[in-house]
Amino acid sequence: LDSGSSSIKIGFCGEETPRAVVPTTGLEEANGAVPLKAGVVQDWEAMEVYWDHAFTHALGVDTEACHVITTAHLFETKLNKERMAQSLFESFAVAGVFLSAPPVFELYAAGKESGVVLGCG
């Protein structure tokens, strides 16, 4: 689960690309609310609506049977990261959560456990 300012990318471990990309603007169920600004969650209620849409409509999964690996923006506060985990556990009843910064996942995707990631954009 990768929640970004313009879209949520969601899929399954072991697949080369995300199974679905859900825009984070204009979702009718969220009354058009935009949950993120500069990659940081600003509206948790709207974020949960977008996540629910991604889990149930885009992936069609029962979240209670899932462990979720998700990105946490580098500028997310500790409080926001805790809120993210709390939301996934309490609202979606996921079995487990692992949060990390996107560069860590980029290293893992390259088969590395250490290295330098240069992000531009």
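You'll find the structure just up there.
Residues numbered from 1 in each chain as written. Predicted model: local features only at pLDDT ≥ 70, side-chain atom pairs only at ≥ 80, totals over all residues. Heavy atoms only, no water.

Undergrad: In this structure, what is going on with the overall build of the protein chain? I would like to understand it.
TA: Per the secondary structure count, the protein chain includes three helices and seven strands. Ordered by position in the sequence, the α and β elements of the protein chain form the string β-β-β-β-β-α-β-α-β-α. For 121 residues, the compact-globule estimate of 2.2 N^0.38 gives 14 Å, and the protein chain sits close to it at 14 Å. C-alpha atoms of the protein chain, sized along the principal axes, occupy 40 × 30 × 25 Å. Within the protein chain, the fraction of its 121 residues that count as buried is 36%. Of the roughly 7400 Å² of accessible surface on the protein chain, 53% is carried by carbon and sulfur atoms. Side-chain charges of the protein chain comprise 7 positive and 16 negative groups, with the mean position of each set lying 9 Å from the other. (Helix = DSSP H or I, 4+ residues; strand = E, 2+ residues; numbered from the N terminus. Rg over C-alpha atoms; globule rule 2.2 N^0.38 Å. Buried < 20%, exposed > 50% of the residue type's maximum accessible area, 1.4 Å probe, protein only. Areas by Shrake-Rupley, 256 points an atom, 1.4 Å probe, with all protein chains shown as cover. Lys, Arg positive; Asp, Glu negative; His and termini not counted. Charge placed at Lys NZ, Arg CZ, Asp CG, Glu CD.)

Undergrad: Could you clarify how one ought to interpret the pattern of salt bridges in this entry?
TA: Between side chains of opposite charge, a pair can form as their charged atoms come close. Within this structure, the stated rule accounts for three salt bridges. Among the ionic pairs, Asp2 bridges to Lys9, the shortest N-O distance being 3.7 Å. Under the relative-accessibility criterion, Asp2 is labelled partly exposed at 25%. Classification of Lys9 as partly exposed rests on a relative accessible area of 32%. (Salt bridge = Lys/Arg side-chain N within 4 Å of Asp/Glu carboxyl O.)

Undergrad: I tried to follow the packing of aromatic side chains on my own but got confused; where do I start?
TA: By convention here, two paired aromatic rings are described through the distance between centres and the angle between planes. Counted according to the given criterion, the structure contains four aromatic pairs. Ring centres of Trp51 and Phe92 lie 6.4 Å apart, and the angle between their planes is 65°; on these two criteria the pair is classed as edge-to-face. Of this pair, Trp51 sits in helix H1 (residues 44-59) while Phe92 is found in helix H2 (residues 78-92), placing the two residues 41 residues apart along the sequence. Pair check on accessibility: Trp51 and Phe92 agree, each one buried. Clustering of aromatic rings is evident, with ring pairs tying together Trp44, Trp51, Phe55 and Phe92. (Phe/Tyr/Trp six-rings, centres within 6.5 Å; stacked < 30°, edge-to-face > 60°.)

Undergrad: Sorry, what's going on with the sheet that holds strand E3 (residues 20-23) here?
TA: The pairing of strands in a sheet happens through backbone hydrogen bonds and is either parallel or antiparallel. In spatial order, the strands read E1-E2-E3; together these three strands make up an open sheet with antiparallel pairing. Both outer strands of the open sheet, strand E1 (2-3) and E3, are each paired with one neighbouring strand and no more. Relative to E3, strand E2 (residues 7-10) runs antiparallel, the two sharing four bridges. Residue pairing for E3: Lys9 is matched across the bridge by Val21. On top of the sheet, H1 reaches E1, E2 and E3; it is set at about 40° to E2, its chief contact. (Pairing = 2+ DSSP bridges. Contact = heavy atoms within 4.5 Å. Axes fitted to C-alpha atoms, helices over the stretch in contact; angles between N-to-C directions.)

Undergrad: Would you explain the nonpolar core in this entry?
TA: General note: in soluble globular proteins, nonpolar side chains tend to be found buried as a group. Counting 23 residues, the largest nonpolar core has Leu1, Ile8, Ile10, Met47, Trp51, Phe55 and Leu88 as the members making the most contacts within it. Among the elements of the structure, E2, E3, H1 and H2 are those that each provide at least two residues to this core. With seven residues, H1 is the largest single contributor of residues to this core. Apart from residues no more than four positions distant in its own chain, Leu88 is found in contact with Leu1, Trp51, Phe55, Val68, Thr70, Ala93, Val94 and Val97. (Core = buried A, V, L, I, M, F, W, Y, C linked by side-chain atoms within 4.5 Å.)

Undergrad: How should the pairing of strand E7 (residues 96-100) be read in this particular structure?
TA: For a regular strand, the rule is simple: side chains alternate between the two faces of the sheet. Pairing of strand E6 (residues 67-71) with E7, which is carried by five bridges, proceeds in the parallel orientation. When the sheet's bridge partners are listed, Thr70 is paired in E7 with Leu99. With H2 bridging E6 and the parallel E7, this β-α-β connection has right-handed handedness. (Right-handed = clockwise from strand over helix to strand, strands pointing away.)

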